[in-house]
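Fold and geometry: a report
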Amino acid sequence: MRRICVFCGSRPGVNPAYRAAAEALGQMLAERSIELVYGGGNVGLMGIVADACLAAGGKAVGVIPRALLEWEVGHEGLTRLEVVDSMHTRKARMAELADGFIALPGGLGTFEELFEILTWAQLGFHNKPVALFNVEDYYLPLVQMMERGVTEGFMKAENRGLLLVEDTLVALMRSMGAYHPPAVGKRLRDEKQL
Ligand code: AMP
């Protein structure tokens, strides 16, 4: 993987473990010569992951909508900051640039970005790995909700497998490297014939 997109909070969260995880992730990307792609802000976990990556000699590319430049304090030390016209363009551009996606803890924006990229995987629009860095089990209720979606018949069991969930960086990178996308395109075609 050449570039990984990180979705994460525009706030740091209350537990110092979230900040530490963002730092460790930024540093690890730099050490593995994987470019960071993220929302381009200098606030919360976003700023922390970018700073850690840059401080370790890595490259960080930000993609930020013009309207958020001020609010999220566009990071001025990035390798490249792309200013785009909308949230939609931001997500599409980040998805285009990255070879895989990792969600750190975050709020509504992070959930939205994670679920959009998962639904694109479900539809076969991309075959890239999507992983949760489940720091301090922050995402346990979200994983349980997805499992409920399967047991209640709203989600296919194999689509639960589109989301990799790990609580260490080593396991995260191993799972992403070993990821084999399900043959979604074929399945869509099969369903159409029913
Ligand atoms: P949050 O997790 O709410 O702190 O937000 C994390 C990041 O997601 C911030 O950069 C937000 O600007 C971004 N974000 C929030 N909503 C959206 C959206 N609909 N599309 C793209 N990015 C978003």
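Notes on the structure in this doc start here. (Residues numbered from 1 in each chain as written. Predicted model: local features only at pLDDT ≥ 70, side-chain atom pairs only at ≥ 80, totals over all residues. Heavy atoms only, no water.)

A few words now on the pattern of salt bridges. Under the counting rule described, the total for this entry stands at eight salt bridges. When the shortest N-O distance is used, the salt bridge between Lys91 and Glu112 registers 2.6 Å. Placement of the pair is Lys91 in helix H3 (residues 87-97) and Glu112 in helix H4 (residues 108-122), with a sequence separation of 21 residues. For Lys91, a relative accessible area of 9% gives the class buried. (Salt bridge = Lys/Arg side-chain N within 4 Å of Asp/Glu carboxyl O. Helix = DSSP H or I, 4+ residues; strand = E, 2+ residues; numbered from the N terminus. Buried < 20%, exposed > 50% of the residue type's maximum accessible area, 1.4 Å probe, protein only.)

A few words now on the site of the ligand. Around the ligand, the structure places 16 residues, and the nearest of them are Ser10, Glu72, Gly107, Gly109 and Thr110. In this structure, an oxygen atom belonging to the ligand sits 2.3 Å away from a side-chain N or O atom of Glu72. Contacts to the ligand include Lys91, whose side-chain N or O atom sits 3.3 Å from a nitrogen atom. With the chains in place, 82% of the 490 Å² that the ligand exposes on its own is no longer accessible. When residues of the shell around the ligand are traced back to their parent elements, those giving at least two are H3 and H4. For the shell around the ligand, the leading source of residues is H4, giving five residues. (Near = heavy atom within 4 Å. Polar contact = N/O pair within 3.5 Å; in protein donor to acceptor, adjacent residues only side chain to side chain. Areas by Shrake-Rupley, 256 points an atom, 1.4 Å probe, with all protein chains shown as cover.)

With that settled, consider the pairing of strand E2 (residues 35-38). Both faces of E2 are covered, namely the face carrying Glu35 and Val37 and the face carrying Leu36 and Tyr38. Bridge analysis of strand E1 (residues 3-7) against E2 gives three bridges, and the strand direction is parallel. By the bridge assignment for E2, Arg3 is matched with Glu35. With respect to chirality, the unit in which E1 leads through helix H1 (residues 16-31) into the neighbouring parallel E2 is right-handed. Relative to strand E3 (residues 60-65), E2 runs parallel, the two sharing three bridges. Across the sheet, residue Val37 finds its bridge partner in E3, namely Val61. (Pairing = 2+ DSSP bridges. Right-handed = clockwise from strand over helix to strand, strands pointing away.)

Pairing is parallel across the open sheet formed by seven strands, whose spatial order is E4-E3-E2-E1-E5-E6-E7. Each having just a single partner strand, strand E4 (80-84) and strand E7 (163-166) make up the two edges of the open sheet. With direction set aside, neighbouring strand axes in the sheet form an average angle of 25°. (Axes fitted to C-alpha atoms, helices over the stretch in contact; angles between N-to-C directions.)

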